[in-house]
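# Architecture at a glance
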Amino acid sequence: MEKKKLVMIGNGMAGIRTIEELLKVAPDQYEITIFGKEPHPNYNRIQLSTVLQGDTTINDIIMNDWAWYEENQIQLFTNESIEKIDSNNKQVVSAKGRVVNYDDLIIATGSRSFILPIPGADKKGVVGFRDIANCEEMINTAKDYKKAVVIGGGLLGLEAARGLLNLGMTVDVVHLMPHLMERQLDAVAAKMLKTELEQQGMNFLMEKKTTEIIGQDRVTGLRFSDGSEVEADLVVMAIGITPNVQVAKESDIYINRAIVVNDYMETNVKHVYAVGECAEHREITYGLVAPLYEQGKVLAEHLAGKQPKPYEGTILGTQLKVSGVDLFSAGEIYEDETTKSIIVQNEYDGVYKKVLIRDQVLAGIVLYGDTKDGNRLFKMLTNKEDVSGMTSVNILHGGCGAVDASSDVASMPDSELVCGCNGVTKGTIVTAIKEQGLSSVEQVSSCTNAGRSCGRCKPMVADILAYTLGDQFDQTKQKTALCGCTSLSRDEVVEEIKAKGLQSVKEVMNVLEWKNEEGCSKCRPAVNYYLGMIHVDDYHDARDSRLVNEKMHANIQKDGTYSVVPRMYGGVTTAEDLKKIAEVAEKYDVPLVKLTGGQRIGLFGVKKQDLPSMWEDLGMPSGYAYGKTLRTVKTCVGATFCRFGTQDSMGLGIELEKKFERLDTPHKVKMGVSACPRNCAEAGIKDLGFVGIDGGWEIYVAGNGGVDLRAADLLCTVKTKEEVMDISGAFIQYYRETANYLERTAPWIERLGFEHIKQILEDEMKRNELNERLDKTLKRYNEPWQEAIENKEIQDKYYTTISIPEMN
Ligand SMILES: Cc1cc2nc3c(=O)[nH]c(=O)nc-3n(C[C@H](O)[C@H](O)[C@H](O)COP(=O)(O)OP(=O)(O)OC[C@H]3O[C@@H](n4cnc5c(N)ncnc54)[C@H](O)[C@@H]3O)c2cc1C
Ligand SMILES: NC(=O)c1ccc[n+]([C@@H]2O[C@H](COP(=O)([O-])OP(=O)(O)OC[C@H]3O[C@@H](n4cnc5c(N)ncnc54)[C@H](O)[C@@H]3O)[C@@H](O)[C@H]2O)c1
Ligand code: SF4
Ligand code: FES
């Protein structure tokens, strides 16, 4: 049966959760196309605060990588917004003019930062805080400027302010109201919060209304309604959000504050749904993920025809992600004549607790300084539990004064909520641990979703694991399980492959009893790599288990096109090769021809179906610009032309590249060869670097010039090219055999210790053994594009077009 077409506008948290839920209940129902305005795959927006605060990196917050879309056969267009919905013809039109038909349409466009409509708001240095681009702008600004002002003392503003302090800026927070976070905290809790944040270094300008942003091109300060001014190099607006509904505005979809939906997320137009922050349900638009995920589940089940329970709205619980601050708030904040309150204020310990009760049920909770009763109280609030038989102590502190984590967990009822973001209870987690044999927090997350959003519940998940597994709980496994599909660590998997002689990815997963028999995008490429590393003589590579770029032998670009980067050994080319590249660029109408950082020429924006014939026309080897393998060997001109050169850097570079090209390594490997210590080829920030000196070469290892800058360590000095090849081969092979898949040489050497690696490489016998295994492995590689050109099956399987929506 032909699949129905589902199009989703927006590639954010609520939308993608909806698709994940849909794939669970109706994996084959739809051919799915997603448009995202941002250039990234789906990421955890919540964690932008932690990225800004320096606790994690952008790479770590990707939730569904490119491979996930590919594996689920989802056509993703990033960096491409939808500008028009034509609900009569059931079509959407993108800003690039792409027209795509749908049977069902989901609008999941989220919100944008509200920017004060005041003079100067468009100056350089004024940003919202909503996406990766904003986050990067703040991080970059902090490198050159020192004074930040955050407008808005709500959740977002305070998390941004903490991040900017961590980036070394001085920070003023401008707030309109008399106390901070007035939507979540009462005056007492807000005062305690303000005192704590002042101690952390924030300065507050309370009850200030900004009327103008001053400066020429770039912001230099703010002016307030009372005439006072404050200096600023960076202004972050965190004064709330505006739902993104422009795209629906010109159609006949009904919009109030946001897109109005019913209890099944249906809009007034048939086959058009809205979910997330762009949706308005019973006159409420939500700005936290918990309700949006509930909406997503209902919508997915509705689309799958499962007749879900209607979505009836959510009571929100909030916390602030600033270290040193422990607060929780839910429901109503302020007393009135219909409420009775229980209040405990312990100024000495900095603890404040307030529970509001109306008609014998909880109406609101404010906790500051001690939030361990937050989830229990929140459950009482949402379940509308009758508290008439309870004392105030019982309400505030529960049945017993338990202290340690395990007894806390033991006394928790199964129905108690553990992960507020994802609505996961203790009972669900315990059942998953027992039934699926889970043994790490990561596995519990991937199985139940607990911990996948703000991450605050992870310590509690770990406590539940420890309590449920008892003696079998192994703290070390918490970090080392290969992925959620197995409880085995990398080393255990490698040992099992060797001991049991396992030959294929499928066999590894079967014999080692993977929980998910197909594996996932994390373990499949890793297992394929380990198998290839172990079976030196022969290994039948599982191409479909590789990461998408390696599978395609081309780097997939933001817009779904690919890049073509032919090899230029040592960065050296010829007029003949340049002519070929120019002809191919012209023939295939290549939109961008660019010199890459690795001294070669890249052709960008190539259509998938053009790849084989382009490579055939080029007749050059692949540069593997997409691979976990040797990428480039950067060289300086060296002794051949440079008057400072003492060695033949180009000659050595070419020899190295020819020897190690195509070899699978745990992560990409880059090399640099300079012919004198002026080091023009930047050998000091390469995985392997060589610097010519009088009478020989210095060999440097484990440098990195990327995000985590690391200067390479001097491993040794040698006299001849042969020694260089010998040490390099042994180094690479030792890295191949001992690193975790996707671990660069820099973290690997930190983990194993430089001295240890040096000792191994100083041992001639070990070096010989390593080189022997390496040489055997190198024999089995062929030129991948030559194979593809000669093999029709490969071409049909990987390089024909599938369901790419047509351009208008
Ligand atoms: C810094 C920060 C910290 C946060 N912390 C928390 C927290 O601790 N807890 C919590 O629960 N929530 C938190 N949130 C809120 C949470 O991130 C949002 O509620 C959630 O991301 C909303 O999901 P969504 O899918 O509705 O919107 P989004 O995640 O914003 O996704 C919408 C996507 O649609 C795209 N889009 C918009 N228009 C178009 C178009 N016309 N065509 C194509 N694409 C389009 C947007 O570019 C965006 O990528 C935080 C938010 C921020 C910014
Ligand atoms: N930890 C979390 O749960 C978390 C963290 C960050 C963001 N978020 C979500 O992101 C969204 C945006 O957060 P937000 O804090 O911007 O929104 P918000 O609406 O919660 O808070 C905005 C704050 O700015 C203040 N304000 C409004 N106008 C002002 C002005 N002119 N000058 C000074 N202050 C002014 C308001 O009084 C309010 O306290 C919300 O939906 C929020 O829930 C949640
Ligand atoms: S590294 Fe030395 S030899 Fe090479 S180009 Fe620079 S100055 Fe010349
Ligand atoms: S509470 Fe946020 S991920 Fe669990």
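Being a predicted model, the structure only gives us computed values, none of them experimental. (Residues numbered from 1 in each chain as written. Chains lettered and ligands numbered in written order. Predicted model: local features only at pLDDT ≥ 70, side-chain atom pairs only at ≥ 80, totals over all residues. Heavy atoms only, no water.)

## Section: the site of ligand 2
As a matter of local geometry, ligand 2 sits amid 21 residues, with Glu159, Glu182, Arg183, Gly240 and Gln319 nearest to it. Here an oxygen atom of ligand 2 sits 3.4 Å away from a polar atom, N or O, in the main chain of Leu155. The separation between an oxygen atom of ligand 2 and a polar side-chain atom of Arg183 is 2.6 Å. Coverage of ligand 2 by the protein amounts to 87% of the 850 Å² it exposes when considered alone. Sorting the residues of the shell around ligand 2 by element identifies helix H5 (155–166) and strand S11 (170–175) as the ones contributing at least two each. Its residues placed into classes, the shell around ligand 2 shows 11 nonpolar, 6 polar and 4 charged. (Near = heavy atom within 4 Å. Polar contact = N/O pair within 3.5 Å; in protein donor to acceptor, adjacent residues only side chain to side chain. Areas by Shrake-Rupley, 256 points an atom, 1.4 Å probe, with all protein chains shown as cover. Helix = DSSP H or I, 4+ residues; strand = E, 2+ residues; numbered from the N terminus. Nonpolar A, V, L, I, M, F, W, Y, C, P; charged D, E, K, R; others polar.)

## Overview of the sheet that holds strand S4 (residues 82–86)
Strand pairing in a sheet takes place through backbone hydrogen bonds and is either antiparallel or parallel in direction. As summarised here, the arrangement of the 3 strands in space is S4-S5-S6, forming an open sheet in which the pairing is antiparallel. Of all the strands in the sheet, just S4 and strand S6 (99–101) have a single pairing partner and so form its edges. Strand-to-strand twist of the sheet, defined as the mean angle between neighbouring strand axes without regard to direction, takes the value 20 degrees. In terms of strand pairing, strand S5 (residues 91–94) meets S6 through 3 bridges, oriented antiparallel. Within S6, the position partnered with Gln91 by the bridge is Asn101. (Pairing = 2+ DSSP bridges. Axes fitted to C-alpha atoms, helices over the stretch in contact; angles between N-to-C directions.)

## Points about the sheet that holds strand S24 (residues 351–358)
The strand order S21-S22-S25-S24-S23 describes an open sheet built from 5 strands, whose pairing is antiparallel. This sheet does not close on itself; its edge strands, each paired only once, are strand S21 (317–318) and strand S23 (340–346). With 7 bridges joining them, S24 and strand S25 (residues 361–368) adopt antiparallel strand pairing. Bridge pairing in S25 places Arg358 opposite Val361. Packing of helix H9 (residues 374–382) onto the sheet brings it into contact with S21, strand S22 (327–331), S24 and S25, and relative to S25 it is tilted by some 160 degrees. (Contact = heavy atoms within 4.5 Å.)

## Considerations on the UniProt feature "binding site: [4Fe-4S] cluster" (unreviewed entry) in the protein chain
The feature "binding site: [4Fe-4S] cluster" (unreviewed entry), as given by UniProt, occupies Cys636, Cys642, Cys676 and Cys680 in the numbering adopted here. Considering the C-alpha atoms alone, the annotated residues occupy 45 residues of sequence yet fold into one spot, their largest mutual distance being 10.9 Å. Locating Cys676 in the fold gives a position in the loop between strand S35 (669–674) and strand S36 (688–693). For Cys676, a relative accessible area of 8% translates into the label buried. Filtering out sequence-adjacent residues up to four positions away, Cys676 remains in contact with Phe644, Thr646, Val691 and Gly692. Locating Cys680 in the fold gives a position in the loop between S35 and S36. (UniProt positions renumbered as here; feature names shortened; annotations may be inferred. Buried < 20%, exposed > 50% of the residue type's maximum accessible area, 1.4 Å probe, protein only.)

## Structural notes on the UniProt feature "binding site: siroheme" (unreviewed entry) in the protein chain
As recorded in UniProt, the sites labelled "binding site: siroheme" (unreviewed entry) are Cys680. In contact with Cys680, not counting residues within four places along its chain, are Cys636 and Ser674.

## What to know about the pairing of strand S14 (residues 219–224)
Bridge count between strand S13 (residues 210–215) and S14: 5 bridges; the pairing is antiparallel. The residue of S14 that forms the bridge with Ile213 is Leu222. Linking S13 back to S14 in an antiparallel pair, the connection comprises 3 residues. Bridge count for S14 against strand S15 (residues 229–231) is 3 bridges, and the pairing is antiparallel. When the sheet's bridge partners are listed, Leu222 is paired in S15 with Val230. What sits between S14 and S15 in their antiparallel hairpin is a turn of 4 residues, with Gly227 showing a positive phi close to 90 degrees.

## Details of helix H24 (residues 745–752)
Within the sequence span of H24, burial applies to Thr745, Ala746, Trp748 and Ile749. Taken end-on, H24 shows its buried residues confined to a sector of 165 degrees, consistent with a single buried face. Each element contacted by the buried residues of H24 is listed here: strand S37 (696–701), strand S38 (713–718), helix H23 (721–738) and helix H25 (754–762). Looking at the residues trailing H24, positive phi occurs at Gly753, about 95 degrees. (Arc of directions from axis to C-beta.)

## Concerning the environment of Tyr30
Within the secondary structure layout, Tyr30 lies in strand S2 (residues 30–35). A C-alpha to C-alpha distance of 8.8 Å links Tyr30 and Glu2, two positions 28 residues apart in sequence. With residues up to four places along the chain from it excluded, the contact list for Tyr30 reads Lys3, Lys4, Lys5, Leu6, Leu22, Asp104 and Leu303. One polar contact links Tyr30 to Gln29, side chain to side chain, over a distance of 3.5 Å. A distance of 2.6 Å separates a polar atom in the side chain of Tyr30 from a polar atom in the side chain of Asp104.

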